[in-house]
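Residue strings, one per chain:
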Amino acid sequence: MTAHPLHILKTVYGYDAFRGRQAEIVDHVMAGNNAFVLMPTGGGKSLCYQIPAMARPGMGLIVSPLIALMADQVTALRQAGVRAAALNSDLQGDERHSLWRDISSGALDLLYVAPETLLRPDILDLLHRTPLSLIAIDEAHCLSQWGHDFRPSYRQLDALVTEFPDTPRMALTATADAPTRAEILSHLRIAESDAFIAGFDRPNIRYAIAEKDNPRAQLKRFLGAHEGESGIVYCLSKRKTEETAAWLCDQGYVALPYHAGMDKAERQTNQTRFQREEAIIMVATIAFGMGIDKPDVRFVAHLDLPGSIEAYYQETGRAGRDGLPSDTLMLYGYEDIALRSRFIETSDAPEPRKRIERQKLDALLGLTETAGCRRQALLSYFGDHSEPCGNCDTCAEPPDMFDGTIAALKALSCIYKTGERFGQAYIVDVLLGGADERIAQFGHDRISTYGIGKEHDSRTWRAILRQLIALRLVNVDLDGHGGLSISEAGRQFLREKPVLMLRVPAKPQATRGKSGRK
Ligand code: ADP
Ligand code: ZN
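Residues numbered from 1 in each chain as written. Chains lettered and ligands numbered in written order. Predicted model: local features only at pLDDT ≥ 70, side-chain atom pairs only at ≥ 80, totals over all residues.

**Student:** Honestly, the pairing of strand β1 (residues 35-38) in this entry has me stumped. Any pointers?
**Tutor:** Across the two faces of β1 the burial is the same, with A35 and V37 and F36 and L38 all buried. Of the pairings in the sheet, the one linking β1 to strand β6 (residues 169-173) comprises four bridges and is parallel in character. Directly across from V37, in β6, lies its bridge partner L172. Relative to strand β7 (residues 195-197), β1 runs parallel, the two sharing three bridges. Paired with L38 across the two strands is I197, which belongs to β7. (Buried ≥ 20, exposed ≤ 12 C-beta atoms within 10 Å, placed from the backbone. Helix = DSSP H or I, 4+ residues; strand = E, 2+ residues; numbered from the N terminus. Pairing = 2+ DSSP bridges.)

Okay, structure coming up:
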């Protein structure tokens, strides 16, 4: 079949128009170029390879990891009149024979195949007998060793580059952070300029991120704007999940806990209730996620720092599937950062993996501390672009910035002079000239940074330190005591003293906002 893409879109799929960047991607591949396509699940990736595969001369080869997934796609395509088939290794006798004949005679538009089958010499041989319109590698993140779905057979797909050098290659995925993406591009020799990243924006979701101040009061204020609505409150630990659910019930809400430590039946009951009832709050660990199919989740709150930007995006993304305005709030604190750092450093992961995890944490902290639009920062992490959105906390109320150069220098020298082993609270105490007996005991009341920070209060100093951590000028120690030390970048800062703009910390919640005080 060779026909115009738009014609195929109408006749085969019954759609009138391409969506998002589909048209751009289809044109790009039609012209014989490679493409990397990163779109969230449901974004419409399949058309991006199926249509050029049909519209270009030759058979399109689709690499897919799961046989079940392939079978579904093939059935749907055949029903729409497309000559599609799946090549799997357990085909026998006549069936196998006729499929091989169809392939070599050019009777197919699309052939689905698993990577381990594709790379068998006899199959490669067979495929060389017919012209190929393109090779599409679906779920391309499976080739990345950093991803969680690594499949060794995917790794060998780079052989396709040499086997079929003149056939356009497409790699498609919904989950790829920056390192994974770079790995896919380099492994499959796809140029940066062939990358299409789109559709991550969820315009109906409002984003807000705040420092933990009085988390329960903050949560209550947030929920106050959502009376009678359903939502999810994420906590890091099972215990906190239980406690928070109980507390919310005391406050008159219908709240249920959900975590992996509960028995299966109870978990199932809670999930079903959440699904069916209105005005219900699920207080959950990240164990709650898969298979939530409630379109009218109106809010998602994080009472602790999420695991990564991807996790944050996924978890907040459970709000507002119906497209109606939905609200999110993330609370985070210094302890969260210390805890996450410790998770990373004490894990058994090899060093390169830890490096990636550190980068992910940095990116997340960058999002929490940004003075710019949250949505812009979030989307730019996925390589997607947007203008300032007007629908996030920083757009609504741009944070005040101040020249934090002097403050940063004071904080860094104080960390240095106290031996780079004390935690945030101690450092702040020394800067403010506090009377903590440990200060006298260590003689830190006699160092030059003792009491040199009285121009700021302790809240502000904590916010400054947190930003220095987020900016990686300061490291949080690995031993679990949260000791602060100066990073390489921090040392460079001390030498060069460049201007550093910092956020003025938000005012304590109780003195701000429209409602919520009883
Ligand atoms: P992905 O593979 O990215 O998860 P799919 O390709 O399965 O997404 O598409 C998700 C849904 O959107 C499917 O039901 C698909 O038919 C539909 N869809 C895709 N492109 C369009 C379009 N241009 N117009 C209308 N619906 C579309
Ligand atoms: Zn914004």
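From this point on, the discussion continues.
**Student:** Looking at this structure, how should I read the site of ligand 1?
**Tutor:** In the neighbourhood of ligand 1, the contacting residues comprise Y15, F18, R19, Q22, M39, T41, G42, G43, G44, K45, S46 and L47. It is helix α3 (residues 45-55) that contributes the most residues to the shell around ligand 1, three residues altogether. Grouping the amino acids of the shell around ligand 1 by side-chain chemistry returns four nonpolar, six polar and two charged. (Near = placed C-beta within 6 Å. Nonpolar A, V, L, I, M, F, W, Y, C, P; charged D, E, K, R; others polar.)

**Student:** Would you take a moment to explain helix α15 (residues 334-346) for this structure?
**Tutor:** In an α-helix, one turn spans 3.6 residues; hence positions three or four apart end up facing the same way. The end-to-end C-alpha distance of α15 is 18 Å, a good match for the 18 Å that 13 residues give at a rise of 1.5 Å each. Within α15, the full set of buried residues consists of D336, I337, A338, R340 and S341. On the buried face of α15, the contacting elements are β14 (326-332), α16 (351-369), α22 (458-470) and β16 (474-476). (Expected span 1.5 Å × (residues − 1). Contact = placed C-beta atoms within 7 Å.)

**Student:** How should the environment of L331 be read in this particular structure?
**Tutor:** Considering the arrangement of structural elements, one finds L331 in strand β14. Looking at L331, the number of C-beta atoms within 10 Å reads 22, which means it is buried. C-alpha of L331 to C-alpha of D304: the two residues are 27 residues apart in sequence and 5.8 Å apart in space.

**Student:** It is not clear to me how the nonpolar core should be interpreted in this structure. Could you clarify?
**Tutor:** It is characteristic of soluble globular proteins that their nonpolar side chains tend to be buried jointly. Of all hydrophobic cores here, the largest spans 135 residues; its most connected members are L111, A411 and I427. Setting aside its immediate chain neighbours within four residues, L111 contacts M59, L61, I62, A85, L87 and I103. (Core = buried A, V, L, I, M, F, W, Y, C linked by C-beta atoms within 7 Å.)

**Student:** Can you help me understand the packing of α16 against helix α17 (residues 374-381) in this one?
**Tutor:** The relative placement of two packed helices comes down to the angle between their axes together with the axis-to-axis distance. Interhelical geometry of α16 versus α17 gives an angle of 160° and a closest axis separation of 9 Å. Relative to α17, the element α16 lies roughly antiparallel. As α16 packs across α17, the resulting crossing turns out to be right-handed. Contacts between α16 and α17 involve A363, G366 and L367 from the first element and R374, A377, L378 and Y381 from the second. A breakdown of the residues in the contact of α16 with α17 according to their chemical character gives five nonpolar, one polar and one charged. (Axes fitted to C-alpha atoms, helices over the stretch in contact; angles between N-to-C directions. Parallel < 35°, antiparallel > 145°, perpendicular 65-115°, else oblique. Left-handed = near helix turned anticlockwise from the far one by under 90°.)

By themselves these figures say nothing about function.
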